[in-house]
Amino acid sequence: MLRSARFLVVLQSKRNAGGVNWSIPGKVLSLEQKQFYNKNGFIMIKNCVSQEDLAKYTTRFNEICKKTVKPPKTMLIMKDVSFAKQGKKKNHATITKLQDFGDEPVLFSYCENLKITDIVRDLIGNPQTNIQAMHTMLINKPPDTGKLTSRHPMHQDLTYFPWRPSDLTICAWTAMEKITRKNGCLTVVPGTHKGKLMEHGYPDWEGGVNEAYYAIKDYDVNSPREYVEMDAGDTVFFHPKLFHGSGANRSSGFRKAISCHYANYDESKYIDVSGTFQEKLGKQIVDLILKHPERYDLPEDKEKVDFEWTWRFRSRPVGHKGKDNL
Ligand SMILES: O=C(O)CCC(=O)C(=O)O
């Protein structure tokens, strides 16, 4: 590499490094808003996504459900466990989640929304930070069938992630319609992002639980929780160690939200989770992926498919061309 080119690389990485400076305002967020996030592990911002954009995502969701638009092969289409048990076909009323929409251009445009990415950079880096969309979901919480399977147990998203530091990852979760306690809004326990990653496992729920909806094992049900009620287009940004979940949908309609977990690409690194409770979960995810060779471009040597590979394969850069980190 030419000397000057190498200098530029060093300069670029220095400029992008250093985590978050919590004592200055961000490009979009005020100092108070940044400090609120740092203290509580979440912040809700009104009106991040326009109604036009939300309508585009809803239309694309319906087109995928009706099969008038072919979904990319890498996208996972999941049924709610209560419908799965009854053997019901996949349609807009039984599909509970579209996951990994990195190759679906309409839905992925959500991850590139500048209002969101500016806030993300304020909270996990600085205006120059390169960011990576790690995990994408459109969640279509169905009206509960009475078995309470529409609940999402209290958990920490970091459970699913083999990269660190956790402070440089964030979820943006946008309400696609009005979301209240009645239709199953997010519930958070402020400040829990300052603690450790807790052990997780399947909750012991009579009606069953959706695949990979893990719960914090020793969750204290008396923890001081908050209900995050939102209007369509509002977005809550939250830390991957924040205890959170969502209640049953006791309304007669579906409750839609779209989300993306972003990581600071410049400063995050994969870690080895061997010997931790994440190891078992990582193996389950790898097994699931190996069962679907039609969906993933698996390497010839299947030994190469480990927890890290599953995320490298599914994550997508947002506005940068890096290939080396995440
Ligand atoms: O959308 C929901 O109801 C909860 C989503 C959530 O907590 C998650 O996917 O981690």
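Per chain, residue numbering runs from 1 following the sequence as it is written. Local features are withheld for residues below a pLDDT of 70 in this predicted model, meaning they are given only at 70 or higher, and side-chain atom pairs are given and counted only at 80 or more; totals for whole chains, interfaces and linings count all residues. The side-chain quantities take in all heavy atoms of the structure and omit both hydrogens and water.

Asks: Could you clarify how one ought to interpret unusual backbone geometry in this entry?
Replies: Both trends apply: most residues other than glycine have a negative phi, and most peptide bonds are in trans. In this structure, Pro 165 follows Arg 164 across a cis peptide bond, with omega equal to 5°. Among the structural elements, Pro 165 can be located in the loop between strand E6 (163-164) and strand E7 (169-175). Phi angles above zero are rare outside glycine, and Lys 67 is one such case at about 65°. Among the structural elements, Lys 67 can be located in the loop between helix H3 (51-66) and strand E2 (76-79). The phi dihedral of Leu 148 is positive, around 60°, even though this residue is not glycine. Summarising the element assignment, Leu 148 is placed in the loop between strand E4 (131-141) and strand E5 (152-155). In this text, helices come from DSSP runs of H or I with a minimum length of four residues, and strands from runs of E with a minimum of two, each type numbered from the N-terminal end.

Asks: I would appreciate a short explanation of the site of the ligand in the present structure.
Replies: When we say a residue is near a molecule or strand, we mean one of its heavy atoms is within 4 Å of it. The environment of the ligand is formed by Met 137, Ile 139, Lys 141, His 152, His 155, Asp 157, Trp 173, Leu 186, His 244, Ser 246 and Arg 255. Under the rule applied, a polar contact is a pair of N or O atoms within 3.5 Å (in protein, one hydrogen donor and one hydrogen acceptor; residues adjacent in sequence only if both atoms are side-chain atoms). His 244 places a side-chain nitrogen or oxygen 3.1 Å from an oxygen atom of the ligand. Using a 1.4 Å probe, accessible areas were evaluated by the Shrake-Rupley method; residue-level cover was limited to the displayed protein chains. Protein contact buries 95% of the 290 Å² of open area that the ligand shows by itself. Residue assignment for the shell around the ligand shows that the elements contributing at least two residues are E4, E5 and strand E13 (243-246). Take the shell around the ligand: its biggest share by element is three residues, from E4. Under the scheme applied, nonpolar residues are Ala, Val, Leu, Ile, Met, Phe, Trp, Tyr, Cys and Pro; charged residues are Asp, Glu, Lys and Arg; polar residues are all the others, including Gly. Its residues placed into classes, the shell around the ligand shows four nonpolar, four polar and three charged.

Asks: Please clarify how the nonpolar core should be interpreted in this entry.
Replies: For soluble globular proteins, nonpolar side chains are generally found buried alongside one another. In this structure, Tyr 110, Ile 116, Phe 237 and Tyr 262 are the most contacted members of the largest nonpolar core, which totals 37 residues. Among the elements of the structure, strand E1 (42-45), H3, strand E3 (95-99), helix H5 (105-108), helix H6 (114-124), E4, E7 and strand E14 (255-264) are those that each provide at least two residues to this core. Tyr 110 has contacts with Val 49, Tyr 57, Ile 116, Ala 172, Trp 173, Thr 174, Thr 235, Ile 258, Ser 259, Cys 260 and Tyr 262, leaving out every residue within four places of it along the chain. Residues enter a nonpolar core if they are buried and are Ala, Val, Leu, Ile, Met, Phe, Trp, Tyr or Cys, with the set joined through side-chain atoms within 4.5 Å. Note on exposure labels: buried denotes an accessible area under 20% of the residue type's maximum, exposed denotes more than 50%, and partly exposed covers the range between, all computed with a 1.4 Å probe on protein chains only. In this structure, Met 134, Leu 158, Phe 161 and Trp 311 belong to the second largest nonpolar core, which totals 24 residues. We call two residues in contact when some of their heavy atoms are within 4.5 Å.

Asks: Which parts of the structure should I look at to understand the side chain of Asp 118?
Replies: Its location among the elements puts Asp 118 in helix H6. When its relative accessible area of 19% is taken as the criterion, Asp 118 is described as buried. Not counting the four nearest positions on each side in its chain, Asp 118 is found in contact with Lys 27 and Val 28.

Asks: What exactly am I supposed to notice about the sheet that holds strand E11 (residues 226-228) here?
Replies: Strand-to-strand pairing in sheets goes through backbone hydrogen bonds, with the strands running parallel or antiparallel. Between any two strands, pairing holds if DSSP finds at least two bridges. The antiparallel open sheet is built from four strands, whose spatial order is E5-E13-E8-E11. In this open sheet, the two strands that pair with only one neighbour each are E5 and E11. Between one strand axis and the next, the sheet turns by 20° as a mean value, whatever way the strands run. Of the pairings in the sheet, the one linking strand E8 (residues 186-189) to E11 comprises three bridges and is antiparallel in character. Following the sheet pairing, Thr 187 is matched in E11 by Tyr 227. Orientation is described by lines fitted to C-alpha atoms, with helices fitted over the stretch in contact, and by angles between N-to-C directions that extend from 0 to 180 degrees.

Asks: Would you mind showing me how to read the packing of aromatic side chains here?
Replies: Aromatic ring pairs are described here by two measures, namely the spacing of the ring centres and the angle between the planes. Note on ring pairs: Phe, Tyr and Trp rings are taken, using the six-membered ring of Trp, and paired if centres are within 6.5 Å. Classes follow the plane angle, with under 30 degrees stacked, over 60 edge-to-face and the rest tilted. This model, assessed by the stated rule, comprises twelve aromatic pairs. Centre to centre, the rings of Tyr 160 and Tyr 214 are 6.0 Å apart; their planes meet at 40°, and the pair counts as tilted. One end of the pair, Tyr 160, is in the loop between E5 and E6; the other, Tyr 214, is in the loop between strand E9 (200-201) and strand E10 (215-216), with 54 residues separating them in the sequence. Considered together, Tyr 160 and Tyr 214 belong to a single accessibility category, that of buried residues. Centre to centre, the rings of Trp 163 and Tyr 270 are 6.2 Å apart; their planes meet at 80°, and the pair counts as edge-to-face.

Asks: I keep staring at the packing of helix H7 (residues 277-290) against helix H8 (residues 307-314) and nothing clicks. Help me out?
Replies: When two helices pack together, you describe them by how their axes are tilted relative to each other and by the distance separating the axes. Taken N-terminus to C-terminus, the directions of H7 and H8 make an angle of 55°; their axes are 8 Å apart at the nearest point. With respect to H8, the axis of H7 lies oblique. For the element pair H7 and H8, the recorded crossing hand is left-handed. Listed contacts from H8 to Gln 278, Leu 281, Gly 282, Ile 285, Val 286 and Ile 289 of H7 are Phe 307, Trp 309, Thr 310 and Arg 314. Here roughly perpendicular refers to angles of 65 to 115 degrees, roughly parallel to angles under 35, roughly antiparallel to angles over 145, and oblique to all remaining angles. With the far helix as reference, a near helix turned anticlockwise by less than a right angle produces a left-handed crossing, and one turned clockwise produces a right-handed crossing.

Asks: Which parts of the structure should I look at to understand the pattern of salt bridges?
Replies: For side chains bearing opposite charge, pairing can occur when the charged atoms are close. Take a side-chain nitrogen of Lys or Arg and a carboxyl oxygen of Asp or Glu: if they are within 4 Å of each other, that pair is a salt bridge. Under the criterion given, the structure shown has 13 salt bridges. In this structure, the salt-bridge partner of Glu 279 is Lys 283, at a minimum N-O distance of 3.2 Å. Of this pair, Glu 279 and Lys 283 both sit in helix H7, four residues apart, which is roughly one turn of that helix. For the salt bridge of Arg 312 with Glu 308, the shortest nitrogen-to-oxygen distance reads 3.0 Å.

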